[in-house]
Amino acid sequence: IGEEPDVEDIVPFDISLLHTQPMDRIDIINRIATFISDKAHRDVTTNDVANYLICITQGFITTFAGEPGTGKTSLCNILAKALGLVADTPQKRFIDISVERGWSSHKDFIGYYNPLSKKMERSNGEVFEAFERMNGECDCDQTRIAPFIILLDEANLSPIEHYWAAFLRNCDLTSVSNRSIPLGGAKSFKLPEHLRFLATVNFDHTTEELSPRFLDRSWVIMLDPTNIDDAMDEDIKNAETMISFSDLKAAFCVGEDDVMNETIQNKWIAIQKIFRDKSLQIMPRNLKMVKNYCAVACKCMECDTPATKFAPLDYALSQKILPIINGNGDNYRMLIEELQKECTAQNMPISAKHLERMKRIAENNMGFYQFFSR
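Per-chain numbering applies: the sequence of each chain, read as written, is numbered from 1 onward. Per-residue local features are limited, in this predicted model, to residues with pLDDT of at least 70; the limit for side-chain atom pairs, both in listing and counting, is 80 or more; totals at the level of whole chains, interfaces and linings are taken over all residues. In computing side-chain properties, one takes all heavy atoms of the structure into account and sets aside hydrogens as well as water.

Colleague: Even after reading the chapter, I still don't get helix α3 (residues 72–82), so can you show me in this structure?
Modeller: Structural remark: α-helix, 3.6 residues per turn; residues separated by three or four positions point the same way. To sort residues, take the accessible area from a 1.4 Å probe on protein chains only and compare it with the maximum for the residue type: under 20% means buried, over 50% means exposed, and anything in between is partly exposed. For the purposes of this entry, the term helix denotes a DSSP run of H or I that reaches at least four residues, the term strand denotes a run of E that reaches at least two, and both are numbered from the N terminus. When you tally the buried positions in α3, you get nine out of eleven residues, the bulk of the element. Of the residues making up α3, those classed as buried are K72, S74, L75, C76, I78, L79, A80, K81 and A82. Remark: G84 follows α3 within two positions and exhibits a positive phi of approximately 85 degrees.

Colleague: How do you make sense of the pairing of strand β8 (residues 195–201) when you look at a structure like this?
Modeller: Within a regular strand, side chains alternate between the sheet's two faces. By the criterion of burial, β8 is predominantly enclosed, with seven of the seven residues buried. Judged by which residues are buried, β8 turns out to be covered on both faces: L195, F197, A199 and V201 on one side and R196, L198 and T200 on the other are all buried. In the sheet, strand β1 (residues 61–65) pairs with β8 via five bridges, with the strands oriented parallel. Looking across to β8, one finds that I61 is bridged to F197. Any two strands are treated as partners once DSSP identifies two or more bridges connecting them. Pairing geometry for strand β5 (residues 148–153) and β8, over five bridges, is parallel. Bridging from a neighbouring strand, L151 pairs with L198 of β8.

Colleague: Just checking my understanding: could you explain the sheet that holds β8 for this structure?
Modeller: Strand pairing in a sheet takes place through backbone hydrogen bonds and is either antiparallel or parallel in direction. Strand order across the open sheet formed by five strands is β2-β5-β8-β1-β9, with parallel pairing between neighbours. Looking at strand neighbours, the two that pair on one side only are β2 (94–98) and β9 (219–222), the edges of this open sheet. Neighbour-to-neighbour, the strand axes of the sheet open up by a mean angle of 20 degrees, direction not taken into account. Axis angles are defined between N-to-C directions and span 0 to 180 degrees, where every axis is a line fitted to C-alpha atoms and, for a helix, only to the segment in contact.

Colleague: What is the right way to look at the side chain of H106 in this model?
Modeller: Note on placement: H106 falls in the loop between β2 and β3 (111–114). Residue H106 is classed as buried on the basis of its relative accessible area, which comes to 7%. Identification of polar contacts relies on pairs of N or O atoms within 3.5 Å, with a donor-acceptor requirement for protein atoms, meaning one able to donate a hydrogen and the other able to accept it, and with residues adjacent in sequence counted only if both atoms are side-chain atoms. A distance of 2.6 Å separates a polar atom in the side chain of H106 from the backbone oxygen of P182. Here a residue-residue contact requires only that any non-hydrogen atoms of the pair lie within 4.5 Å. Those residues in contact with H106, other than ones at most four positions away along the chain, are G111, Y163, A166, F167, I181, P182 and L183.

Colleague: Would you take a moment to explain the packing of helix α11 (residues 284–300) against helix α12 (residues 311–321) for this structure?
Modeller: Two packed helices can be described by the angle between their axes and the distance between those axes. Interaxial distance between α11 and α12 falls to 9 Å at its minimum, and their mutual angle equals 150 degrees. Looking at the two axes, α11 sits roughly antiparallel to α12. For α11 against α12, the interelement crossing comes out right-handed. Between α11 and α12, the residues in contact are N286, M289, V290, Y293, C294, A297 and C298 and P312, L313, Y315, A316, Q319, K320 and I321, respectively. Split by residue class, the contact of α11 with α12 holds eleven nonpolar, two polar and one charged. Oblique is the label for any angle not covered by the other classes, which are roughly parallel (under 35 degrees), roughly antiparallel (over 145) and roughly perpendicular (65 to 115). Throughout, a crossing is termed right-handed when the near helix is turned clockwise from the far one, and left-handed when it is turned anticlockwise from it by less than a right angle. Here the term charged refers only to Asp, Glu, Lys and Arg, the term nonpolar to Ala, Val, Leu, Ile, Met, Phe, Trp, Tyr, Cys and Pro, and the term polar to all other amino acids, Gly among them.

Colleague: When you look at empty space enclosed by the protein in this model, what are you seeing that I'm missing?
Modeller: To find leftover empty space, one rolls a probe the size of a water molecule over the atoms. Cavities and pockets were defined on a 1 Å grid built from protein atoms only: a cavity is a group of points that admits a 1.4 Å probe but offers it no way out, a pocket is an open group of points flanked by protein on both sides within 12 Å along at least five of seven lines, and a lining residue is one with an atom within 4 Å of any such point. Grid points are joined across faces, edges and corners, and a volume is the space filled by probe spheres set on the points. Within the structure shown, the criterion is met by one cavity of 30 Å³ or more. Roughly 50 Å³ of volume is contained in the largest cavity. Taken together, I56, T57, L83, P147, I149, R196, F245 and L248 make up the full set of residues lining the largest cavity. Those elements that provide at least two residues to the lining of the largest cavity are α2 (46–58) and α9 (245–252). Considering only residue class, the lining of the largest cavity consists of six nonpolar, one polar and one charged.

Colleague: Can you walk me through the side chain of Q319 in this structure?
Modeller: Along the chain, the position of Q319 falls in helix α12. Those residues in contact with Q319 that sit more than four places away from it in its chain are N51, C55, S218, W219, V220, I221 and Y293.

Colleague: Is there a simple way to think about the packing of aromatic side chains in this case?
Modeller: Within a pair of aromatic rings, the relevant descriptors are the distance that separates the centres and the angle that separates the planes. Classification of ring pairs uses Phe, Tyr and Trp, with its six-membered ring standing for Trp, and accepts pairs whose centres are within 6.5 Å; under 30 degrees between planes counts as stacked, over 60 as edge-to-face, and the remaining range as tilted. Scanning the model with the defined rule gives 16 aromatic pairs in all. For the ring pair W164 and F167, a centre distance of 5.5 Å and an interplane angle of 25 degrees mean the geometry is stacked. Neither residue differs from the other here; W164 and F167 are each classed as buried. Considering the side-chain rings of W164 and F214, the 6.3 Å spacing of their centres and the 80 degrees angle between planes classify their relative orientation as edge-to-face. Placement of the pair is W164 in the loop between α5 (160–163) and α6 (165–168) and F214 in helix α7 (residues 212–215), with a sequence separation of 50 residues. On the basis of relative accessible area, F214 is assigned to the buried category, the value being 0%. Through a chain of ring-to-ring contacts, three or more aromatic side chains come together here, namely F60, W103, F109, F128, F131, Y163, W164, F167, F189, F197 and F214.

Colleague: So what exactly am I meant to see when it comes to unusual backbone geometry here?
Modeller: For residues that are not glycine, phi is negative in most cases, and the peptide bond is trans in most cases. Between T89 and the following residue, P90, the backbone shows a cis peptide bond with an omega angle of 10 degrees. Relative to the assigned elements, P90 resides in the loop between α3 and β2. At K118, a position not held by glycine, the phi torsion is positive, near 55 degrees. Here K118 is to be found in the loop between β3 and β4 (119–122). Judged by relative accessible area, K118 falls into the exposed class, the value being 60%.

This is how it looks when you write it as structure tokens:
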């Protein structure tokens, strides 16, 4: 356990596993949507799939939240298989980590330098080797590599802002600083651009609340209860080819020609004004994330019905802005009521559903308004 791996034994990425032809936004969305529909038999729209892909590509971590049994973990596995990442070891590009209670550092699930033995101790051999491999991929050609996704399953069994703190400092993907995590001694791992995290969280008395610092950096996708056949999900085979990280980045990271359309821009301005009028601040990081999300979503989401006219903003608001609402009193009550006037079941159904739930629960909870209240 205490021995360091031989770097020469780490198998380099096999570029023959990549999809041979470049894929654009629509190609990728259609492939993932077809895979989820045909292989997993799940009822998702192309807008849902576009949402998953934009969040995962633009954000360092994306959180899938909901009650136990809503299919959060299986959906993450299905998405990884649809991207082609669950290949045979050692080319597998997806790792599922079961978070344990009591974790306080990333060393609890990766490894650390033991000053007594003067060797590296691996907390999880598969995870350690994955980071060792990615450390060597930092300077590779991004057109010849697939993304690497790590799932933190039941992420809030321990406070995520503690054991994931080193990664919180690295959430700014555009930073020019050296993105790395220390393991003690002189050992550290560089974090490649193509690394992404997923997290699943439950909400009951056994779990920890998500901190404002974490919510400021993560997208939160709330899943509704649905009928899930876990046995069937396990039997789903991986897609034949992997989608390259460069194709994902070109398709779903904001480009020079990607802008919000005027209709959605005006709606977003009106919503920001509601928060300002109630003296509640939307942090600059969140403003930027919503702007970049909507700029791409306007190009790849279907917005041709009354219920989907504001779809890009509906997804972004419900997954980035509403989760940060946490307070009580008349100011929060009026905030929710004003947002309900802008976000109706007819024009922004996702946000409207969450706002109605928050209002209903607050009425029976001494006027306390929180996105995650149940």
